[in-house]
Amino acid sequence: MKRSISSNLLILLIFFQAISAIPSGLSLLNDPSGNGIGLSIDVLKNTPFKNFLIPGLFLLVVLGLIPLITLYGLLTRKWLNWARKINWDKKFHWSNAFSFYIGILLILWINMQLYFGIVYNNLHFSYTILGVLIIILSQFPATKRDYTTENVN
């Protein structure tokens, strides 16, 4: 079955999210000081973290690997039992719900950075817009139609 333009755009944005988060998360795990990606440990002074290990792990797993798994689902439309269990709307393929989750988590990630006093920059704006677009595209009628259970079985 051919995908709609909105589904193809969603796939592109989820791919972008995964490939932008994975290297950064790996770098922060490899060097929790943040120097590897040009971050100063001073950025964390108002946060509960002493280094970038936990933020790097979150970035890698939640905003990198989960989008990669979601991308797999969006492209193949195969069912993963564990993913199906946490799908909030059983009328649609789990990858559609995961896309929505990713958009929400991305916006929360950026807002938590701002809440903890990390200085606003253009990346905050860009990734907030990315999160909003992912949410909108995951809920777009044509995307929902592409990922209804009738169309993916």
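Bear in mind the structure is a predicted one, so any value in this text is a computation, not a measurement.

Basis of the calculations
Residues numbered from 1 in each chain as written. Predicted model: local features only at pLDDT ≥ 70, side-chain atom pairs only at ≥ 80, totals over all residues. Heavy atoms only, no water. 1 Å grid on protein atoms, 1.4 Å probe; cavity = no way out; pocket = protein on both sides within 12 Å on 5 of 7 lines; lining within 4 Å. Points joined across faces, edges and corners; volume = space filled by probe spheres on them. Helix = DSSP H or I, 4+ residues; strand = E, 2+ residues; numbered from the N terminus. Nonpolar A, V, L, I, M, F, W, Y, C, P; charged D, E, K, R; others polar. Axes fitted to C-alpha atoms, helices over the stretch in contact; angles between N-to-C directions. Parallel < 35°, antiparallel > 145°, perpendicular 65-115°, else oblique. Left-handed = near helix turned anticlockwise from the far one by under 90°. Polar contact = N/O pair within 3.5 Å; in protein donor to acceptor, adjacent residues only side chain to side chain. Contact = heavy atoms within 4.5 Å. Phe/Tyr/Trp six-rings, centres within 6.5 Å; stacked < 30°, edge-to-face > 60°. Buried < 20%, exposed > 50% of the residue type's maximum accessible area, 1.4 Å probe, protein only. Lys NZ or Arg CZ within 6 Å of the ring centre and 35° of its normal.

### Here we look at the layout of surface pockets
Here's step 1: Empty space within the largest pocket amounts to approximately 830 Å³.
Here's step 2: If you trace the largest pocket, you find 30 residues lining it, with Leu39, Leu59, Trp109, Gln113 and His124 closest to the centre.
Here's step 3: Per element, the largest residue contribution to the lining of the largest pocket is seven residues, and it comes from helix 4 (residues 94-115).
Here's step 4: Looking at the lining of the largest pocket residue by residue, the classes come out as 23 nonpolar, seven polar and no charged.

### Considering the packing of helix 1 (residues 5-30) against helix 2 (residues 53-76)
Here's step 1: One can describe the packing of helix 1 onto helix 2 by two numbers: an axis separation of 7 Å at closest approach and a directional angle of 150°. Classed by the angle they form, the pair helix 1 and helix 2 counts as roughly antiparallel. Every pair of crossing elements has a handedness; the one defined by helix 1 and helix 2 is left-handed.
Here's step 2: Across the contact of helix 1 with helix 2, the residue classes tally to 21 nonpolar, six polar and no charged.

### Some details on the side chain of Ser138
Here's step 1: Its place among the elements puts Ser138 in helix 5 (residues 122-139).
Here's step 2: A polar atom in the side chain of Ser138 sits 3.3 Å from the side chain of Gln139.
Here's step 3: Sequence-distant contacts of Ser138, defined by excluding residues within four places in its chain, comprise Leu10, Asn96, Ser99, Phe100, Thr143 and Lys144.

### Considerations on the packing of aromatic side chains
Here's step 1: In total, this model carries seven aromatic pairs according to the counting rule given.
Here's step 2: Relative to Phe98, the ring of Trp82 has its centre 5.9 Å away and its plane inclined at 65°; by these criteria the two rings are edge-to-face. Of this pair, Trp82 sits in helix 3 (residues 81-85) while Phe98 sits in helix 4, placing them 16 residues apart in sequence.
Here's step 3: When the ring of Trp94 is compared with that of Phe98, the centres are 5.2 Å apart and the planes differ by 75°; the resulting orientation is edge-to-face. Residue Trp94 and its partner Phe98 are both found in helix 4; the two are separated by four residues, about one turn of the helix. Like Phe98, Trp94 is buried.
Here's step 4: Three or more aromatic residues link up through ring pairs in this structure, and these residues are Trp82, Trp94, Phe98 and Tyr101.
Here's step 5: Its end group placed over the ring of Trp79, Arg84 keeps NZ or CZ at 4.0 Å from the ring centre.
Here's step 6: It is Lys144 that lies over the ring of Phe92; its NZ or CZ is 3.9 Å from the centre.

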